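Given next are the chains, with one letter for each unit.
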Amino acid sequence: MSSAPIGIFDSGIGGLTVARTIHELLPNESTIYLGDTARVPYGPKSPETVQRYSREIVDWLSREGVKAVVVACNTATAHALPALRERLAMPVVGVIEPGARAAALTTARGTVGVIGTAGTISSGAYRRALELELPGARIVERACPLFVPLVEEGWLSHPATRAVAEEYLADVRAAGVDVLVLGCTHYPLLKPLIGDVMGCGTVLIDSAYETARELVGVLQHHGIAASPDAVVTHRYVVTDDIERFERVGAVFLGKPLTGVEHVNVEAVVINAP
Ligand code: DGL
């Protein structure tokens, strides 16, 4: 057993949907959530840049004494998960494998849709994970880059968001998928709208829930779950503006968010003469 906190990180606010589910499923666990708000969005950035950001963040979390890391960002999971697993001597859970596993178990037709940021979709990480879980599956992928700013704007059921969703999801719907993976931290907030556009024949897979469930098993497997009488604390840390994170983050977290701290996680680069 271990009372050390679990480190959770995301490019910004969206990963709070994962933190929220972890708090619900693992009420005895303490957490440190790091939102890299100074460098968000990760979605359009190169794999190398996202890997460097992710390394800097997990190094910071390690120094804070976390016992496990949850990569709550789909784009960071897509580009950096294997490298982070090599780097850290502790369990590292990403959001893609749990989501793909749930999709494979849920689909009846073997036709699965995946939506995510440009980086997540172009990495092919969901496709590879789904092909492992469900060989022969028909996979239909679509990058939906405008969803992130629309969610950040709070336009969860706005007509503009609906028009964008109709456009993005037309091909996925036409392909007859019976399962759609919401492969981005922000998309669970659009669940009602996406569900409406896709129709009732499509099950939406929320990676946040699947990831929290995977974490339960990982902590047990490694014998590092917190004891039932552990004192629970939740720290929230950002690399940029605190006020906006507290205001918008409360929507993602589903409860008031206060006491957020600011840190600089960037590695110091020393240029040799
Ligand atoms: N957190 C990112 C993800 O899940 C979405 C926001 C971003 O582009 O950084 O892919």
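Anything mentioned here points back to the structure above.
Cut-offs and rules
Residues numbered from 1 in each chain as written. Predicted model: local features only at pLDDT ≥ 70, side-chain atom pairs only at ≥ 80, totals over all residues. Heavy atoms only, no water. Phe/Tyr/Trp six-rings, centres within 6.5 Å; stacked < 30°, edge-to-face > 60°. Helix = DSSP H or I, 4+ residues; strand = E, 2+ residues; numbered from the N terminus. Buried < 20%, exposed > 50% of the residue type's maximum accessible area, 1.4 Å probe, protein only. Lys NZ or Arg CZ within 6 Å of the ring centre and 35° of its normal. Axes fitted to C-alpha atoms, helices over the stretch in contact; angles between N-to-C directions. Parallel < 35°, antiparallel > 145°, perpendicular 65-115°, else oblique. Left-handed = near helix turned anticlockwise from the far one by under 90°. Contact = heavy atoms within 4.5 Å. Near = heavy atom within 4 Å. Polar contact = N/O pair within 3.5 Å; in protein donor to acceptor, adjacent residues only side chain to side chain. Areas by Shrake-Rupley, 256 points an atom, 1.4 Å probe, with all protein chains shown as cover. Nonpolar A, V, L, I, M, F, W, Y, C, P; charged D, E, K, R; others polar.

A. Structural view of the packing of aromatic side chains. This model, assessed by the stated rule, comprises five aromatic pairs. Measuring from ring centre to ring centre gives 6.4 Å for Tyr33 and Tyr236, while their planes differ by 45°; the resulting arrangement is tilted. With Tyr33 in strand β2 (residues 31-35) and Tyr236 in strand β9 (residues 234-238), the pair connects residues that are 203 residues apart, well separated along the chain. On the basis of relative accessible area, Tyr236 is assigned to the buried category, the value being 7%. Here the aromatic rings of Phe147 and Tyr187 are separated by 5.3 Å at their centres, their planes lie at 90°, and the arrangement is edge-to-face. Of this pair, Phe147 sits in helix α7 (residues 147-152) while Tyr187 sits in the loop between β7 (179-183) and α9 (191-198), and the two are 40 residues apart along the sequence. Residue classification places Phe147 among the buried positions, given a relative accessible area of 0%. Put simply, the rings of Tyr33, Tyr236 and Phe245 touch in pairs and so form one group of aromatic residues. The ring of Tyr53 has Arg39 lying over it, and the distance from NZ or CZ to the ring centre is 3.9 Å.

B. The packing of helix α1 (residues 16-25) against helix α11 (residues 242-253), seen in detail. Where α1 meets α11, the axes come as close as 8 Å, and the angle between the chain directions of the two elements is 55°. Classed by the angle they form, the pair α1 and α11 counts as oblique. Crossing angle aside, the handedness with which α1 passes α11 is right-handed. Where α1 approaches α11, its residues Leu16, Thr17, Arg20 and His23 are matched on the opposing element by Phe245, Gly249, Val251, Phe252 and Leu253.

C. Summary view of the site of the ligand. The immediate surroundings of the ligand are formed by 13 residues, with Asp10, Ser11, Tyr42, Gly43 and Thr75 found nearest. In this structure, an oxygen atom belonging to the ligand sits 2.6 Å away from a side-chain N or O atom of Ser11. For the ligand, whose free accessible area comes to 300 Å², the fraction covered by protein is 99%. Broken down by class, the residue content of the shell around the ligand amounts to five nonpolar, seven polar and one charged.

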